[in-house]
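Residue-level structural notes
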Number of protein chains: 2
Amino acid sequence: MVFYADDIKNLPSRQRALFINSLSGFKSANLVGTCNTNYYSNLSMISSVVHIGSNPPLLAMIIRPHSVARHTLENIINTQYYTINHVNETIYQQAHQTSARYAINESEFKAVGLTELWQENFSAPFVKESRVKMGMKLREHIHLSVNKTEMIIGEIIRVYVTDDIICDDGYVNIEQSGTVAVSSLDSYHSTSLLSHLAYAKPSMPIKKLNRSLGDKA
Amino acid sequence: MVFYADDIKNLPSRQRALFINSLSGFKSANLVGTCNTNYYSNLSMISSVVHIGSNPPLLAMIIRPHSVARHTLENIINTQYYTINHVNETIYQQAHQTSARYAINESEFKAVGLTELWQENFSAPFVKESRVKMGMKLREHIHLSVNKTEMIIGEIIRVYVTDDIICDDGYVNIEQSGTVAVSSLDSYHSTSLLSHLAYAKPSMPIKKLNRSLGDKA
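Remarks on the overall build of chain A
- Across its full length, chain A holds 5 helices and 14 strands.
- With the principal axes as the frame, chain A shows a C-alpha extent of 55 × 55 × 30 Å.
- A buried classification covers 52% of the 217 residues belonging to chain A.
- When contacts within chain A are restricted to residue pairs at least 6 apart in sequence, those whose partners lie at least 24 apart make up 63%.

Have a look at this one:
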């Protein structure tokens, strides 16, 4: 089946959103924690977090300025700090519920039943129930004029992760931590490892890699 | 276990790359097909494709200018067209092998054993073995000065997808098509649906959604 540009354009808006959101492939599932300058907390489900580089350690995400995540965007710009917390199988339904349009003075943490965790010297709330949590500092804010969305690039300045999922070589076993993947706007998936593959070289056949899980870094 | 900014900075480079690349969560797995102005083809595994918007339908990806994907970047800038093809369980090992540093005159298609598919009125090669394939037109090229990487934003101007994975409401069942998810730099995962969740509203409990798979849009 083929869809040309006009076929896509002519789809009803909700159908087009579900369709196009399916096409990037599986997405990351993260809860972004922020607060305003009065320390009122906010929590948003974001599926657009993407790796930008590891030195310095940078993650980007896309936020639509008039979407339910608009308070997240305002808080990050005003306070410079935020947290990114992996959504796992135990909390994915609550994570999805944060996408409801709550009033500005209502904390999504309380509304959906997740626990704020404040850590020393960090001015944004983490999600206690998440097993991979990052403290972020805003580094760059880029307006994407092509469709009037905002890209937020932040540096990872702190990582909390349970000991049992870090491997000797630095790999974090996010499958073992129960981290989920998202498809389209509303679908959540657990994962099963197919394999770790060795670094590819032109004249070498593809080789699977044994990685000892649960060893400490 | 906690890592502060200095702990991350002090990790050996390969270990930091595996560690930081794990932290965004699961990533999309796509093969990007291009050609140069002489129609010599090129194929790159890219795990940074991310949804930017559905109207117009836009996807972004991040490319490091001196990485093995540098020819992909040059070809896109020179020809304006490229393809994005989902990596599935059958071809993920070949897809990974495209990340080997082949010579500029050697096509990764041939080197790894995947089939070029040229479609009428589209000047970049698709991957025949992929079940979700998109034809892309370059819309914006943004230099990210924060770490000297390049972001390519393209519009989806054509979609090829097998009939049996499109639902009435526009959702594409990428799990049924065998699309894989990536963690860190080298790990590939199949997925299992946890559930589709209904659109969230503040005063409503979370509800699972029944979606009839295999119906045509």
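On we go from here.
Overview of helix α3 (residues 70-79) of chain B
All names here are of chain B.
- When α3 is considered as a whole, its buried residues turn out to be T72, L73, N75 and I76. In an axial view of α3, the angular spread of the buried residues amounts to 165 degrees, which keeps them on one side of the axis.
- Packing partners of the buried residues in α3 comprise β3 (30-35), β4 (41-46), β6 (57-63), β7 (81-86), β10 (132-144) and β11 (149-161).
- One or two positions beyond α3, positive phi appears at Q80, with a value near 75 degrees.

Quick word on the pairing of strand β13 (residues 187-196) of chain B
- Here 9 bridges tie strand β13 (residues 187-197) of chain A to β13(B), and the two strands are oriented antiparallel to one another. What sits directly across from A:Y188, in β13(B), is B:S195.
- Sheet topology note: the strand β12 (residues 181-183) of chain B/β13(B) ladder contains 3 bridges and is antiparallel. The partner of B:S183 across the bridge, within β13(B), is B:S187.
- Joining the antiparallel neighbours β12(B) and β13(B) is a turn of 3 residues, in which B:S184 adopts a positive phi near 50 degrees.

Details of the interface of chain B and chain A
- If you look at the interface, chain B gives 94 residues, while chain A gives 94 residues.
- Looking at the side of chain B that touches chain A, its residues break down into 50 nonpolar, 32 polar and 12 charged.
- Direction of pairing for strand β1 (residues 2-4) of chain A relative to β11(B): antiparallel, over a ladder of 3 bridges. Bridging from a neighbouring strand, A:F3 pairs with B:V159 of β11(B).

Observations concerning the relation of the copies chain B and chain A
- When chain B is brought onto chain A, the operation consists of a screw motion whose angular component is 180 degrees and whose axial shift is 0.0 Å, with 0.0 Å RMSD remaining. Between the two chains, the operation in question is that of a two-fold axis. When C-alpha positions in chain B are compared against the rotation axis, the closest is assigned to B:T191, at 2.1 Å.

What to know about the nonpolar core
- Core analysis: the largest hydrophobic core is formed by 119 residues, its most contacted members being A:L59, A:V172, B:L59 and B:V172.
- Among residues more than four places away in sequence, those in contact with B:L59 are A:S24, B:V49, B:V50, B:H51, B:I52, B:I84, B:G154 and B:I156.

Some points on unusual backbone geometry
- For the bond from A:N55 to A:P56, the omega torsion is 0 degrees, close enough to zero to count as cis.
- Turning to its location among the elements, A:P56 is positioned in the loop between β5 (50-54) and β6 (57-63).
- Of note in this structure, B:Y39 is not a glycine but carries a positive phi near 65 degrees.
- Since 11 C-beta atoms lie within 10 Å of it, B:Y39 is described here as exposed.
- Positive phi outside glycine occurs at B:S184, with the angle close to 50 degrees.
- Assignment of secondary structure puts B:S184 in the loop between β12 and β13.

Concerning the environment of B:Q176
- Mapped onto the secondary structure, B:Q176 falls in the loop between β11 and β12.
- B:Q176 sits 85 residues away from B:I91 along the chain, and the two C-alpha atoms are 15 Å apart.

A look at helix α2 (residues 13-23) of chain A
- Three or more residues of α2(A) are buried, namely A:A17, A:L18, A:F19, A:I20, A:N21, A:S22 and A:L23.
- Those residues of α2(A) hidden inside the fold are in contact with β12 (181-183) of chain A together with β5 (50-54), β6, β10 and β11 of chain B.
- Downstream of α2(A) by one or two residues, A:G25 has phi in the positive range, about 100 degrees.

Examining the confidence of the model for chain A
- The share of residues in chain A with pLDDT of 70 or more is 98%, and the mean pLDDT across the chain is 95.
- Reported for the predicted complex are a pTM of 0.96 and an ipTM of 0.96.

Considerations on the pairing of strand β7 (residues 81-86) of chain A
All names here are of chain A.
- Within β7, 5 of the 6 residues are buried, which leaves the element mostly enclosed by the surrounding structure.
- Bridge analysis of β7 against strand β10 (residues 132-144) gives 5 bridges, and the strand direction is antiparallel. In the sheet register, N85 faces β10, and the bridge partner there is K133.

Concerning the environment of A:V180
- By the secondary structure assignment, A:V180 is in the loop between β11 (149-161) and β12.
- On the basis of neighbour count, A:V180 is assigned to the buried category, with 27 C-beta atoms found within 10 Å.
- As for A:V180 and A:P57, which are separated by 123 residues in sequence, their C-alpha atoms are 22 Å apart.
- Every residue in contact with A:V180, bar those within four places of it in the chain, is listed here: A:A29, A:V87, A:N88, A:E89, A:Y92, A:Y188, A:H189, A:S190 and B:L194.

Regarding the environment of A:R131
All names here are of chain A.
- Of note, R131 is situated in the loop between β9 (126-127) and β10.
- Classification of R131 as buried rests on a count of 21 C-beta atoms within 10 Å.
- With residues near it in sequence (within four places) discarded, R131 still touches H86, N88, T162, S177 and G178.

Criteria and cut-off values
Residues numbered from 1 in each chain as written. Chains lettered and ligands numbered in written order. Predicted model: local features only at pLDDT ≥ 70, side-chain atom pairs only at ≥ 80, totals over all residues. Helix = DSSP H or I, 4+ residues; strand = E, 2+ residues; numbered from the N terminus. Buried ≥ 20, exposed ≤ 12 C-beta atoms within 10 Å, placed from the backbone. Contact = placed C-beta atoms within 7 Å. Arc of directions from axis to C-beta. Pairing = 2+ DSSP bridges. Nonpolar A, V, L, I, M, F, W, Y, C, P; charged D, E, K, R; others polar. Least-squares fit on C-alpha atoms with pLDDT ≥ 70 in both. Core = buried A, V, L, I, M, F, W, Y, C linked by C-beta atoms within 7 Å. pLDDT = per-residue confidence, 0-100.

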